[in-house]
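Remarks on the overall topology
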Amino acid sequence: MNLHEFQAKQLLIRFGVTVPAADVCDTADAARQIAARLLASGATLVAVKSQIHAGGRGKGTFKSGFKGGVKLCKSADEVFHDAKAMLGDVLITKQTGPEGRLVSKLLVTVAPNIKKELYLAVLLDRANSRPLLMASTEGGVDIEEVAAKTPEKIVKEWIDPAVGIQPFNARRVAVALGIKGEAFNGAVKLILGVYKVWWECDASMVEINPLCIIEQPDGKRAVMAVDAKITLDDNGLFRHPDIQAMRDLNEESPLETEASRFSLNYIKLDGNIACLVNGAGLAMATMDIIKHYGGEPANFLDVGGGASEEQVAAAFNIIMQDRHVKGILVNIFGGIMDCNVIATGIVQAVKETHLKLPLVVRLEGNNVVAGKKTLAASGLTLTTGDSMADAAQKAVEAVGR
């Protein structure tokens, strides 16, 4: 589950991480009031930031032609003007694709006097089975770009999960980032807080980009999380009902939202051959083999190891709502899964949806004989595959006809 920037900052504040003063709103009038309050408290510049689940907002363009999903303003009237242009319009960035995202909320925040932009993130290093603090002196740009062009500028600090993060871990990162003097102790505290957000909230990733060295009104330097992105592990959400309540369904694909209601793992892709598979590994292999034979998968869809007939039927209904789908490949290996349950679900779903698209089915494993009998007795028009390769080839050929 992804969070908006304003929600991510709420969690950061909870764990003692310093962020700029800000408030969220959904009307231009409210944006003006927030800006007036921030300017009256001593701010000289405020930022109006579109709240969508996508990066590259500042360089994005609205469908109306208005440029920039992040604007710096010197007055409350400027904020009102920009907020009015953003709210209710669709912002297109390099991460949203051409369809863009509707902006329904704005974050109006103090724009601090930034002296240096840095990068900080916490994630799980699966290769080492340890949490990883990753930082760079190159903040404000995509970390992938830094890794490709200047990998030596990426600092990595692994954390022993049995002990947890220690102050010396945070100090190492702060030193590597070149933070000195009066800002150093605050940076150590911030790094410790960011890690605790990741650990305590069951996050997959906490990314602060940019992490900024700022100059305060009294001339002193400090470190502040100016932007934040948090992705949460869905499997841990049951422990955090308050965080789960932050979920914004308007920012998620309707099909993916519907799939989650049936405990299905679904991700829409750009191809035209829909996949219905049990097990994430087999699903990945199925997409690969479709590509190998010249086709394009339309989705990743894992019904899990113990799917019911209802879940199979729901999976078909979700697939059928994707207008780009021209054919369906069902690839099931029954370990825990009963192939006859899948077969029964297929028959039910095809009859309910009046499926006219080519359907290729490959069943193997637990109770496969009964499953094949169920399909044969159904009277459905479908093609069977003797192997995964055979099924993939037939699906590609059927869509190509």
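Scope of this entry: the structure provided in the associated data block. Bear in mind the structure is a predicted one, so any value in this text is a computation, not a measurement.

Focus on the environment of Val 341
- By secondary structure assignment, the location of Val 341 is in helix 11 (residues 339–353).
- On the accessibility criterion, Val 341 (22% relative accessible area) is partly exposed.
- Along the chain, Val 341 and Val 312 lie 29 residues apart, while their C-alpha atoms are 8.6 Å from each other.

Things to note about the sheet that holds strand 3 (residues 61–62)
- Taking strand neighbours across the sheet as the criterion, the three strands line up as 3-5-6 in an open arrangement whose pairing is antiparallel. With one partner strand each, in any of the chains shown, strand 3 and strand 6 (101–102) form the two edges of the open sheet.
- As defined by bridge partners, strand 3 adjoins strand 5 (residues 90–92) across two bridges and the pair is classed as antiparallel. Paired with Phe 62 across the two strands is Leu 91, which belongs to strand 5.

Some details on the packing of aromatic side chains
- With the rule as written, the count across this model stands at four aromatic pairs.
- Between Tyr 195 and Trp 198, the aromatic rings sit 5.8 Å apart at their centres with planes inclined by 40°, giving tilted as the arrangement. You can see Tyr 195 and its partner Trp 198 sitting in helix 6 (residues 184–200), three residues apart, about one turn around the helix. Each member of the pair, Tyr 195 together with Trp 198, is buried.
- Given a relative accessible area of 3%, Tyr 195 falls into the buried group.
- Among the aromatic residues, ring-to-ring pairing joins Tyr 195, Trp 198 and Trp 199 into one connected group.
- One cation-aromatic arrangement involves Arg 32 over Phe 80; the distance from NZ or CZ to the ring centre is 4.0 Å.
- Sitting above the plane of the Phe 66 ring, Lys 71 keeps its charged end 5.1 Å from the centroid.

Description of the pairing of strand 7 (residues 106–110)
- Taken across its five residues, strand 7 has five buried, putting it largely inside the fold.
- Pairing between strand 1 (residues 22–25) and strand 7: four bridges, direction antiparallel. Bridge assignment links Cys 25 to a residue of strand 7, and that residue is Leu 106.
- Bridge analysis of strand 2 (residues 46–50) against strand 7 gives five bridges, and the strand direction is antiparallel. For Lys 49, the partnering residue across the bridge sits in strand 7 and is Leu 107.

Overview of the packing of helix 2 (residues 28–40) against helix 3 (residues 76–86)
- Interaxial distance between helix 2 and helix 3 falls to 8 Å at its minimum, and their mutual angle equals 150°. By the angle between their directions, the pair helix 2 and helix 3 is classed as roughly antiparallel. Both helix 2 and helix 3 take part in a crossing whose hand is right-handed. Packed against helix 2, whose contacting residues are Ala 28, Asp 29, Ala 31, Arg 32, Ala 35, Ala 36 and Leu 39, the element helix 3 presents Ala 76, Asp 77, Val 79, Phe 80, Ala 83 and Lys 84 at the interface.
- When its residues are assigned to classes, the contact of helix 2 with helix 3 shows nine nonpolar, no polar and four charged.

Conventions and cut-offs
- Counting from 1, residues in each chain are numbered in the order their sequence is written.
- Totals for whole chains, interfaces and linings use every residue, but because this is a predicted model, local features are given only for residues with pLDDT of at least 70 and side-chain atom pairs only at 80 or more, for both listing and counting.
- Based on all heavy atoms of the structure, the side-chain values leave hydrogens and waters out of the count.
- Each helix is a run of DSSP H or I of at least 4 residues and each strand a run of E of at least 2, with the numbering of both proceeding from the N terminus.
- Partly exposed residues are those whose accessible area sits between 20% and 50% of the maximum for their type, while under 20% is buried and over 50% is exposed, using a 1.4 Å probe and protein chains only.
- Note on pairing: DSSP must find at least two bridges between two strands before they are called paired.
- Pairing of aromatic rings covers Phe, Tyr and Trp, the last through its six-membered ring, and needs centres within 6.5 Å; plane angles under 30 degrees mean stacked, over 60 mean edge-to-face, and all others mean tilted.
- Geometrically, a charge over a ring is one whose NZ (Lys) or CZ (Arg) sits within 6 Å of the ring centre while staying within 35 degrees of the ring normal.
- As a rule, the C-alpha atoms of each element are fitted with a line to give its axis, helices using only the stretch in contact, and angles between N-to-C directions run from 0 to 180 degrees.
- In these notes the angle categories are as follows: under 35 degrees is roughly parallel, over 145 is roughly antiparallel, 65 to 115 is roughly perpendicular, and the rest is oblique.
- For any pair of crossing helices, the crossing counts as left-handed if the nearer helix is rotated counterclockwise from the farther one by less than a right angle, and right-handed if it is rotated clockwise.
- By definition in these notes, contact holds between two residues if any of their heavy atoms fall within 4.5 Å.
- Nonpolar residues are Ala, Val, Leu, Ile, Met, Phe, Trp, Tyr, Cys and Pro. Charged residues are Asp, Glu, Lys and Arg, and all others, Gly as well, are polar.

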